[in-house]
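As a plain string of letters, each chain reads:
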Amino acid sequence: MPKQLRIDELLEWGRSHHTILHPSVEVYRDDVTGLSFRAKEDVPPGAKLVSCAYQTTLSFLNAIPYSFLFESHGSKPFPLEFISQLALEDPHIIGHFFLMQQYLMGKRSFWWKYIRLLPQPDQPDLLAIPIWWPEADRRFLWGTNAEPPVEIRRKLWMIERAKGIKLLESSPEHQDWDEYTQKLYFWAATIFGTRSFRASLTVPEEGLVEQYKGNHKAIWECVTQDRFSVLLPILDIGNHDGVNRVEWSKHPDTGHFALSTCKAVEKGEQIFNYYGDKSNSELLVGYGFTLDSPSQDVVNLKLVPSAEAIRLRRSQSCHNHRPTSHPEEEFMFGVRTGSLVERAKGSLGLESLPHGLLEALICMVANNRERRFIEQNPQYCLQVDLDFDSFAGPLYRAFFSAIRILYIKIRLEMERLHDTGEGLGSPSNHNQTMALKYRTQQNSVLMKASSRLSQILEDALLFKSFDAQVPETFQNDQNFPAGLLTLMHAFSWLQAQYSGVHDSVVSIISEDQEEDLPLDWRLLIVDWDNTYWCVWIYTIWLLWARDGQAFQERHPAFRTWLDEMRMAYSKDQQDGAYDILHASPSEVETINLTVEAITNLPQFKSARDILMSHEKGWEPLRNFASFVAKEETVAVTSGGLEQRVLAINKTRGP
Ligand SMILES: C[S@@+](CC[C@H](N)C(=O)[O-])C[C@H]1O[C@@H](n2cnc3c(N)ncnc32)[C@H](O)[C@@H]1O
């Protein structure tokens, strides 16, 4: 039978059961979107495109007894055990079995004229979603966000069918249970997955209360919790183009669910439904197509925080996780293309990072000082105004660390995409072409995010001094409040400010390391970055002890950080943090030797006297310096070198 005749018969069947298409709307077959709505005449805003009568809908509700509004239309009832075991927790499985039953009934089914126009179980191309793709096509999705959900779905659907079959096969009236094949279950689940509507949006409470007598409360709970969904024949022909111009409404008085347009539609245009704000990953996995819109390109990143980090994150008031809903989503974040490149002045260009991603990372990397701050300030939320002040906030170090980890994570994702994409060759069909495009889109989201993140780190690394240096790229933004100091820059600063002390310290290092002067920091940082941070911090504190007030006045911005360190770690001091040296065993000798030689320099006579008045001499200060070096540095890779750099904040003072 020609397709158009089948469409006409479907519409006629709908009409005879009060499912009505607007007179200015027609159903046609589009090459790309399949069955579609089109305006035959201009359609005014507010017009009801389709009014779907509840009596033509198909769902779990049709399979349970004692219903008038949602009838079974003469279908053989499923065994009582089958219904009672599945109805409360898994009503959607009953819905899938009911659709299979209608398919198996063929022409005898009330819904036959609807079912025969759906993509059929032997039409994988029309079923479209990747679960139906041949292995060679699915190979094109390896390493992408679309790969895991396809596999999860396959396993879930197999389990669901097995659950239903187990209850069916024990019933003497259902010896035909083996006709409910795995393939047919996948078909029914696909039909529901690609075209059903959530029960809470469609089913009116009035309809149930009357019909289901004593059971209505339990069933209404299934509706409100969306434990099943509903097929709406004819209304489900609407396709999706990512633009919301429609409204859905329940009309219990007339027994209809309506799809209306909010905007006028011109004659000849396709009329779209709206499936929600879905990313291309969701559209591809759930519906078998993607949209050509960068705003739909989202890459999901999953974090795996420790139990302590989860506790910390949950203590923040800006964490809006609802414990019962989708636990796996709590630390899953969608990175978008957004405006990563065209950033507004003063903005960090990170607006397209989803809310909570940086906060969660910060909770994962927080040091003692930062953890205490987060616990004492649960309302503090970095990402509300993600701008230059974020640098100046108390979490500046964790912020840099979070940016660095995010950068690494994104690079790893890119590598995975690249590695899994190797050897794919040219696409040879529609699925492969779409998957390849999707891969490219995912890569482009990751690339934009990674280049912005690396730019932030590079800019932060331009921080060379505590004394009013503004990196070139931040010139227009004034007041660069915090940055990442490399060991080389730290020693250059010492040379510029205290050349005598600098020369003495580097000659001690040069002698110990048997390295010529001037020291090549690119070599030294490979193994000794922590050691020399400890040495540098120790030296700075000696200078402060020696010069007192004059030191603070000479370096007002630097003083902010010195005071902050001293105050922040008084709690750790009480906890014994300065009783030990925080360094690896291989560093101990070098640290001790260098620190002792520096303490004995003639320039530090007055400071030495202060230190030596303490029973443990220079040890507590050495331990403090090693603690700050451990807690306040961040690992970065720049110019091909990985090194620990010191996060410094120069604007917030006590
Ligand atoms: C609710 S049904 C819409 C009716 C469907 N076109 C049909 O032929 O039966 C959803 C399916 O329509 C197709 N579809 C919807 N919007 C599309 C789009 N923008 N591009 C390509 N296919 C689309 C996909 O196959 C999707 O799984």
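All figures in this text were calculated on a predicted structure; none of them were measured in a lab.

> Please provide a residue-by-residue account of the overall build of the protein chain, values included.
Helices and strands together make up the secondary structure of the protein chain, namely 27 helices and 15 strands. Relative to its length of 654 residues, the protein chain is extended, with a C-alpha radius of gyration of 33 Å against a globular reference of 26 Å. Principal-axis analysis of the C-alpha atoms places the extent of the protein chain at approximately 105 × 50 × 45 Å. Classification of the 654 residues of the protein chain by burial places 54% in the buried group. Look at the contacts in the protein chain between residues 6 or more apart in sequence, and 74% of them connect residues 24 or more apart. With the model as given, the accessible surface of the protein chain reaches about 29500 Å², and the carbon-plus-sulfur share is 52%. Seen as two clouds, the 66 positive and the 85 negative side-chain charges of the protein chain have centres 5 Å apart.

> Summarise the environment of Leu61; cite the residues concerned and give the values.
Here Leu61 is to be found in the loop between strand 4 (48-53) and helix 2 (80-86). Under the relative-accessibility criterion, Leu61 is labelled buried at 0%. Between the C-alpha atoms of Leu61 and Val203, which are 142 residues apart in sequence, the distance is 9.8 Å.

> Describe the site of the ligand, with residues and values.
Around the ligand there are 15 residues in total, and Thr33, Arg195, Asn239, His240 and Tyr287 lie nearest to it. Within the backbone of Leu35, a nitrogen or oxygen atom sits 2.8 Å from an oxygen atom of the ligand. At a separation of 2.8 Å, an oxygen atom of the ligand approaches a polar backbone atom of Tyr287. Here the ligand, which alone exposes 560 Å², has 87% of that area covered by the protein.

> Tell me what's going on with the environment of Arg161, and back it up with residues and numbers.
Tracing the backbone through its elements, the reader meets Arg161 in helix 7 (residues 147-169). Arg161 sits 170 residues away from Phe331 along the chain, and the two C-alpha atoms are 30 Å apart. With near-sequence residues (within four places) excluded, Arg161 lies in contact with Phe97, Tyr180, Thr181, Gln182 and Tyr185.

> Lay out the pairing of strand 13 (residues 482-485) in plain terms, naming residues and giving numbers.
Every second residue of strand 13 is oriented toward a common face, with Ala482 and Leu484 on one face and Gly483 and Leu485 on the other, all of them buried. Strand direction decides the pairing type here: strand 13 and strand 15 (residues 641-649), joined by four bridges, are antiparallel. Opposite Leu484, over in strand 15, you have Ala647 as the bridge partner.

> Could you give an account of the domain arrangement of the protein chain, with specific residues and numbers?
Assigned domains within the protein chain: domain 1 (3-287), domain 2 (297-460) and domain 3 (475-649). Each of domain 2 and domain 3 was reduced to a C-alpha centroid, and the two centroids are 32 Å apart. Taken together, the contact pairs 19 residues of domain 2 with 27 residues of domain 3. Taking both sides of the interface into account, the surface hidden between domain 2 and domain 3 amounts to around 1900 Å²; carbon and sulfur atoms contribute 54%. Where domain 2 meets domain 3, there are three salt bridges.

> Residue-level account of the sheet that holds strand 13, with values.
Here we have three strands laid out as an open sheet, ordered 13-15-14, and antiparallel in their pairing. Edge positions in the open sheet fall to strand 13 and strand 14 (633-638), since each of these has one partner strand only. Along the sheet, successive strands turn relative to each other by an average axial angle of 40°, direction set aside. Against the sheet, helix 17 (residues 396-421) contacts strand 13, strand 14 and strand 15, and its axis sits at roughly 35° relative to strand 14.

> Can you explain the nonpolar core? Please cite residues and give values.
Ranked by size, the top nonpolar core spans 101 residues in total, and within it Leu484, Phe491, Trp536, Ile540, Trp541 and Trp561 carry the most contacts. Here this core gets 15 residues from one element, more than from any other, and that element is helix 21 (residues 521-547). For this core, the domains that each give at least three residues are domain 2 (297-460) and domain 3 (475-649). Counting 89 residues, the second largest nonpolar core, distinct from the first, contains Phe37, Leu58, Ile94 and Trp111.

> Describe in detail the layout of surface pockets, supporting the description with residues and values.
The calculated volume of the second largest pocket comes to roughly 550 Å³. Residue lining of the second largest pocket: 21 residues in total, with Gln573, Leu611, Pro620, Leu621 and Phe624 positioned closest to the centre. Counting residues per element, the ones that place at least two in the lining of the second largest pocket are helix 21, helix 24 (570-574), helix 26 (605-612) and helix 27 (619-632). Taken together, the residues of the lining of the second largest pocket sort by class into twelve nonpolar, five polar and four charged.

> Give me the lowdown on the side chain of Ser450, citing residues and values where you can.
Inspection of the secondary structure puts Ser450 in helix 18 (residues 430-460). Given a relative accessible area of 2%, Ser450 falls into the buried group. In contact with Ser450, other than residues within four places in its own chain, are Tyr407, Ile410, Arg411 and Met414.

> Break down the packing of helix 20 (residues 499-513) against helix 21 for me, with residues and values.
Interhelical geometry of helix 20 versus helix 21 gives an angle of 145° and a closest axis separation of 11 Å. Once helix 20 is placed against helix 21, the crossing between them reads as right-handed. Here Val501, Val505, Ile509, Asp512 and Gln513 of helix 20 come into contact with helix 21, specifically with Trp521, Leu524, Trp528, Tyr532, Val535, Thr539, Leu543 and Arg546. Here the contact of helix 20 with helix 21 is composed, by residue class, of nine nonpolar, two polar and two charged.

> An account of the sheet that holds strand 3 (residues 34-39) is requested, with residue identities and associated values reported.
Taking strand neighbours across the sheet as the criterion, the four strands line up as 2-3-10-7 in an open arrangement whose pairing is mixed. The sheet terminates laterally at strand 2 (25-30) and strand 7 (239-240), the two strands that pair on one side only. Taken together, the six bridges between strand 2 and strand 3 define a ladder with antiparallel strand orientation. Across the sheet, Val27 pairs through a bridge with Phe37, a residue of strand 3.

> Break down the pattern of salt bridges for me, with residues and values.
Scanning the entire structure with this criterion turns up 26 salt bridges. Between Arg397 and Glu370 there is a salt bridge; the shortest N-O distance is 2.9 Å. Here Glu370 lies in helix 15 (residues 368-376) and Arg397 lies in helix 17, a separation of 27 residues in the sequence. By the burial criterion, Arg397 is buried, and Glu370 matches it. Across the pair Arg404 and Glu642 runs a salt bridge whose closest N-O atoms are separated by 3.7 Å. Of this pair, Arg404 sits in helix 17 while Glu642 sits in strand 15, placing them 238 residues apart in sequence. Since its relative accessible area comes to 49%, Glu642 is described here as partly exposed.

The rules behind each value
Residues numbered from 1 in each chain as written. Predicted model: local features only at pLDDT ≥ 70, side-chain atom pairs only at ≥ 80, totals over all residues. Heavy atoms only, no water. Helix = DSSP H or I, 4+ residues; strand = E, 2+ residues; numbered from the N terminus. Rg over C-alpha atoms; globule rule 2.2 N^0.38 Å. Buried < 20%, exposed > 50% of the residue type's maximum accessible area, 1.4 Å probe, protein only. Contact = heavy atoms within 4.5 Å. Areas by Shrake-Rupley, 256 points an atom, 1.4 Å probe, with all protein chains shown as cover. Lys, Arg positive; Asp, Glu negative; His and termini not counted. Charge placed at Lys NZ, Arg CZ, Asp CG, Glu CD. Near = heavy atom within 4 Å. Polar contact = N/O pair within 3.5 Å; in protein donor to acceptor, adjacent residues only side chain to side chain. Pairing = 2+ DSSP bridges. Domains from an automatic or database assignment. Buried area = accessible area lost by both parts, 1.4 Å probe. Salt bridge = Lys/Arg side-chain N within 4 Å of Asp/Glu carboxyl O. Axes fitted to C-alpha atoms, helices over the stretch in contact; angles between N-to-C directions. Core = buried A, V, L, I, M, F, W, Y, C linked by side-chain atoms within 4.5 Å. 1 Å grid on protein atoms, 1.4 Å probe; cavity = no way out; pocket = protein on both sides within 12 Å on 5 of 7 lines; lining within 4 Å. Points joined across faces, edges and corners; volume = space filled by probe spheres on them. Nonpolar A, V, L, I, M, F, W, Y, C, P; charged D, E, K, R; others polar. Left-handed = near helix turned anticlockwise from the far one by under 90°.

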